[in-house]
Amino acid sequence: MATSGVVPRVETLSSSGIQSIPKEYVRPQEERSSIGDVFEEEKKIEGPQVPIIDLKDIDSMDEAVRDKCREELKKVAMDWGVMHLVNHGIPNDLIERVKKAGQAFFDQPIEEKEKYANDQGSGNIQGYGSKLANNAGGHLEWLDYFFHLVYPEDKRNSSIWPKTPSDYIEATSEYARLLRGLATKVLSVLSLGLGLEEGRLEKEVGGMEELLLQMKINYYPKCPQPELALGVEAHTDISALTFILHNMVPGLQLFYQGNWVTAKCVPNSIIMHIGDTIEILSNKKYKSILHRGLVNKEKVRISWTVFCEPPKDKIILKPLPEIVSETEPPLFWPRTFGQHIQHKLFKKTIVEGN
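Residues numbered from 1 in each chain as written. Predicted model: local features only at pLDDT ≥ 70, side-chain atom pairs only at ≥ 80, totals over all residues. Heavy atoms only, no water.

An unreviewed UniProt entry lists the chain under the name Fe2OG dioxygenase domain-containing protein, from Ziziphus jujuba var. spinosa. Here the chain is described in UniProt, under the heading Cofactor (unreviewed entry), as follows: "L-ascorbate". Of the chain, the UniProt comment under Sequence similarities (unreviewed entry) reads exactly: "Belongs to the iron/ascorbate-dependent oxidoreductase family." (UniProt positions renumbered as here; feature names shortened; annotations may be inferred.)

Undergrad: Looking at this model, I keep getting lost on the sheet that holds strand β8 (residues 252-256). Mind explaining?
TA: Sheet strands associate in pairs through backbone hydrogen bonding, adopting either a parallel or an antiparallel arrangement. With antiparallel pairing, the four strands of this open sheet are ordered in space as β6-β11-β8-β9. Each edge of the sheet is formed by a strand with only one pairing partner; in this case those strands are β6 (232-235) and β9 (259-262). Neighbour-to-neighbour, the strand axes of the sheet open up by a mean angle of 20 degrees, direction not taken into account. Both β8 and β9 contribute to a ladder of four bridges, which runs antiparallel. Bridge pairing links phenylalanine 255 to tryptophan 260 in β9. (Pairing = 2+ DSSP bridges. Helix = DSSP H or I, 4+ residues; strand = E, 2+ residues; numbered from the N terminus. Axes fitted to C-alpha atoms, helices over the stretch in contact; angles between N-to-C directions.)

Undergrad: Sorry, what's going on with helix α4 (residues 63-79) here?
TA: The terminal C-alpha atoms of α4, which comprises 17 residues, lie 24 Å apart, in line with the 24 Å expected from a rise of 1.5 Å per residue. Burial in α4 covers these residues: Cys69, Arg70, Leu73, Lys74, Val76 and Ala77. Burial along α4 is one-sided: seen end-on, the buried residues are contained in an arc of 165 degrees. Set apart from the buried face of α4 by more than 90 degrees, the exposed residues are Ala64, Lys68 and Lys75. (Expected span 1.5 Å × (residues − 1). Buried < 20%, exposed > 50% of the residue type's maximum accessible area, 1.4 Å probe, protein only. Arc of directions from axis to C-beta.)

Undergrad: I keep staring at helix α5 (residues 92-107) and nothing clicks. Help me out?
TA: Think of an α-helix as turning once every 3.6 residues; residues three or four places apart then point the same way. Between its terminal C-alpha atoms α5 stretches 22 Å, which fits the 22 Å expected from 16 residues at 1.5 Å a residue. Looking only at α5, the buried set comprises Leu94, Ile95, Val98, Lys99, Ala101, Gly102, Phe105 and Phe106. Within α5, the buried residues cover an arc of 160 degrees as seen down the axis, which keeps them to one side. Among the exposed residues of α5, those oriented more than 90 degrees off its buried face are Asp93, Lys100 and Asp107.

Undergrad: Looking at this structure, how should I read the sheet that holds strand β3 (residues 127-130)?
TA: Here eight strands make up an open sheet; going across it, the order is β1-β2-β10-β7-β12-β5-β4-β3 and the pairing mixed. Pairing within the sheet leaves two strands with one partner each, and these edge strands are β1 (52-54) and β3. On average, each strand axis in the sheet is inclined to that of its neighbour by 25 degrees, with strand direction left out of account. For β3 and strand β4 (residues 144-151), the ladder comprises four bridges, and the chain directions are antiparallel. Residue pairing across strands places tyrosine 128 opposite phenylalanine 146, the latter belonging to β4.

Undergrad: So what exactly am I meant to see when it comes to the nonpolar core here?
TA: Nonpolar side chains in soluble globular proteins generally cluster together in the buried interior. One finds Tyr175, Leu190, Leu241, Phe243 and Ile278 to be the most contacted residues of the largest nonpolar core, which totals 78 residues. In terms of residue count, the dominant contributor to this core is helix α7 (residues 168-193) (eleven residues). If sequence neighbours within four positions are ignored, isoleucine 278 has contacts with Leu187, Leu190, Leu201, Val205, Ser239, Ala240 and Tyr286. In terms of nonpolar packing, the next biggest core, distinct from the first, is built from 14 residues, Tyr220, Cys223, Leu228 and Val295 among them. (Core = buried A, V, L, I, M, F, W, Y, C linked by side-chain atoms within 4.5 Å. Contact = heavy atoms within 4.5 Å.)

This is how it looks when you write it as structure tokens:
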């Protein structure tokens, strides 16, 4: 169990020519039974598929057209809690620049990336890293990553941003700025869907000043035994919203109606998850869906995940009073976002009144 000292990079293991993966990366038997070939899984057309939501009309001047678009987003947020967003308003050429820059960072030799290494033991999680085991079984995930706060600009630590490639900072900054605007649009629709004022959920998660956008570039190297491993173990996101780009290699799976559903690779889309924060505020009207990441032996997968998170200690998360009643009592104890992180990641109990 890797808990201290130098953390081996998964990329190093992958490129070493090993035929079998170290035991720390082997998932328990009950998990392995549901891990299939991701390329075969993505081809499946039977059964439920992750919905595609077209945002072209989200701000239409035609009220009926606008309402239809918003109603579709709301329904999928309540049923699935995850969707492919198309016509989202972020230019495709900017998205390609973001992906090209992130890939170029990971294409560098490991010793170059190590200059940006984080120190998880001291709580410094921004930078280049690999997952430490924090689960009871000591299982590791088959990925390396780069993690940093990207918005608001005045809260970010530019000293840990990659200097290479030269376009990394400009492309990533512009993407974060536009994504923040998209988050506002989505939160507005979700607020109205609960019968609340348009700006209510945005205010409840920190508003323009306090909602943090954290980017995690996940790098999943080729895995010699993908049927035994996971890139990311099953979890729900703690965020308010999560937005995901990827390099068109499948891997994301969602647990829907008792089965794992593999997300298709939809061109020019952004995958969006509802996170725990919105699930709590909405008293579970909106769903934070369980999901995981598969790996494969043929292609490297890269994803660019942006978590929109409230401040850790300034806001109390609890079901909003307007949407609870005697017949629909609150399903969650009040908590700060920081307490929710401790509860989720380290299984610390949330006590009523704390």
